[in-house]
Amino acid sequence: GGLCYYDYADDAFHQIAFDASREKIDQYRVHAVCISNDHSIWFARRSMLHHLTNVNAINTYPLPGPETLLIKYILADSHGRISIGYNEGIAIFDERTKNFITGSIQSPFSLANNLGITVHPIVHFQNDTMLIGSWYAGLQKVFINGDTISTILFPDENETNPRRHIVSGISRGTGSE
């Protein structure tokens, strides 16, 4: 488990060393990986977001939340922020300010049936909007406005079929936004 890189200089794979943290049980499990516009690597373990700036430097940022928090998806946007999908919501992290903006993602269906949700995948669009898919909270359009996150739920919130509230993939077309 863990995260490895290939070094062409010595023709070998090397494992990135992780510190012991509140993630002891999941110490070597990487839940999500993405590459930012500056070509650096971001990865997430259970409740920690990590920025691999070079082979010997990892900046670590704990996502605020309960012990049960579980990051499932990360994606870098064109502004240098990282969008994080996790159980119960979404977060936006800005490394320049070291701030997380968090938002709960729910639907009438998940609330009525007392179902926990998990956000993944995430697709960014221009002007601080994105689409997110989730288990039991369906497809939602997300708006970031300053330090708040708001959403619009698709499909109809009165839908009772559980399968209509599971979105595990989103494809972004190549047309205009």
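Each remark here, short or long, concerns the structure printed above.
As the structure is a prediction and not an experimental result, all values here were calculated from the model.

Q: Could you clarify how one ought to interpret the nonpolar core in this entry?
A: Side chains that are nonpolar tend, in soluble globular proteins, to be buried together. In terms of nonpolar packing, the biggest core is built from 17 residues, with Leu-49, Ile-74 and Ile-84 touching the most fellow members. Those elements that place two or more of their residues in this core are β3 (32-35), β4 (41-44), β7 (71-76), β8 (81-86) and β9 (89-94). In this structure, Ile-74 is in contact with Ala-32, Val-33, Cys-34, Trp-42, Phe-43, Ala-44, Leu-49, Ile-82, Ser-83 and Ile-84, ignoring residues within four places of it in sequence. One finds Ile-90, Met-130, Ile-144 and Ile-149 within the second-largest nonpolar core, a separate group that totals 13 residues.

Q: Teacher, can you tell me more about the side chain of Asn-87 here?
A: Along the chain, Asn-87 falls in the loop between β8 and β9. You can call Asn-87 buried: its relative accessible area is 18%. Only 3.0 Å separates the side chain of Asn-87 from the backbone oxygen of Thr-68, close enough to count as a polar contact. From its side chain, Asn-87 meets the backbone nitrogen of Leu-70 in a polar contact 2.7 Å long. If sequence neighbours within four positions are ignored, Asn-87 has contacts with Thr-68, Leu-69, Leu-70, Ile-117 and Thr-118.

Q: Looking at this model, I keep getting lost on the pairing of strand β10 (residues 99-104). Mind explaining?
A: Each regular strand shows side chains that alternate between the opposite faces of the sheet. Here β9 runs beside β10; their pairing, made up of six bridges, is antiparallel. Paired with Gly-89 across the two strands is Ser-104, which belongs to β10. Count of turn residues in the β9/β10 antiparallel hairpin: four residues, of which Lys-98 carries a positive phi of about 60°.

Q: Help me understand the pattern of salt bridges in this model?
A: When the charged atoms of two side chains with opposite charge come close together, those side chains can pair. According to the stated counting rule, one finds three salt bridges in the structure shown. The salt bridge involving Arg-81 is made with Asp-77; its shortest N-O contact spans 2.8 Å. Asp-94 is paired through a salt bridge with Arg-96; the nearest N and O atoms lie 3.2 Å apart. If you follow the salt bridges from partner to partner, you end up with Asp-77, Arg-81 and Asp-128 in one network.

Q: Quick question: what am I supposed to make of the sheet that holds β9 here?
A: Reading across the sheet, the four strands line up as β7-β8-β9-β10 and stay open at both edges, with antiparallel pairing between neighbours. The sheet terminates laterally at β7 and β10, the two strands that pair on one side only. Going from strand to strand, the sheet's axes swing by 20° on average, the running direction of each strand aside. Direction of pairing for β8 relative to β9: antiparallel, over a ladder of six bridges. The residue bridging Ile-84 from the neighbouring strand is Ala-91, located in β9.

Q: Would you explain the sheet that holds strand β11 (residues 118-125) in this entry?
A: Consider a sheet: its strands pair through backbone hydrogen bonds, and that pairing is either parallel or antiparallel. An order of β11-β12-β13-β14 is seen for the four strands of this open sheet, with the pairing classed as antiparallel. At either end of the open sheet lies a strand with only one pairing partner, and these are β11 and β14 (148-154). In this sheet, adjacent strand axes meet at a mean angle of 30° when their direction is disregarded.

Cut-offs and rules
Residues numbered from 1 in each chain as written. Predicted model: local features only at pLDDT ≥ 70, side-chain atom pairs only at ≥ 80, totals over all residues. Heavy atoms only, no water. Core = buried A, V, L, I, M, F, W, Y, C linked by side-chain atoms within 4.5 Å. Buried < 20%, exposed > 50% of the residue type's maximum accessible area, 1.4 Å probe, protein only. Helix = DSSP H or I, 4+ residues; strand = E, 2+ residues; numbered from the N terminus. Contact = heavy atoms within 4.5 Å. Polar contact = N/O pair within 3.5 Å; in protein donor to acceptor, adjacent residues only side chain to side chain. Pairing = 2+ DSSP bridges. Salt bridge = Lys/Arg side-chain N within 4 Å of Asp/Glu carboxyl O. Axes fitted to C-alpha atoms, helices over the stretch in contact; angles between N-to-C directions.

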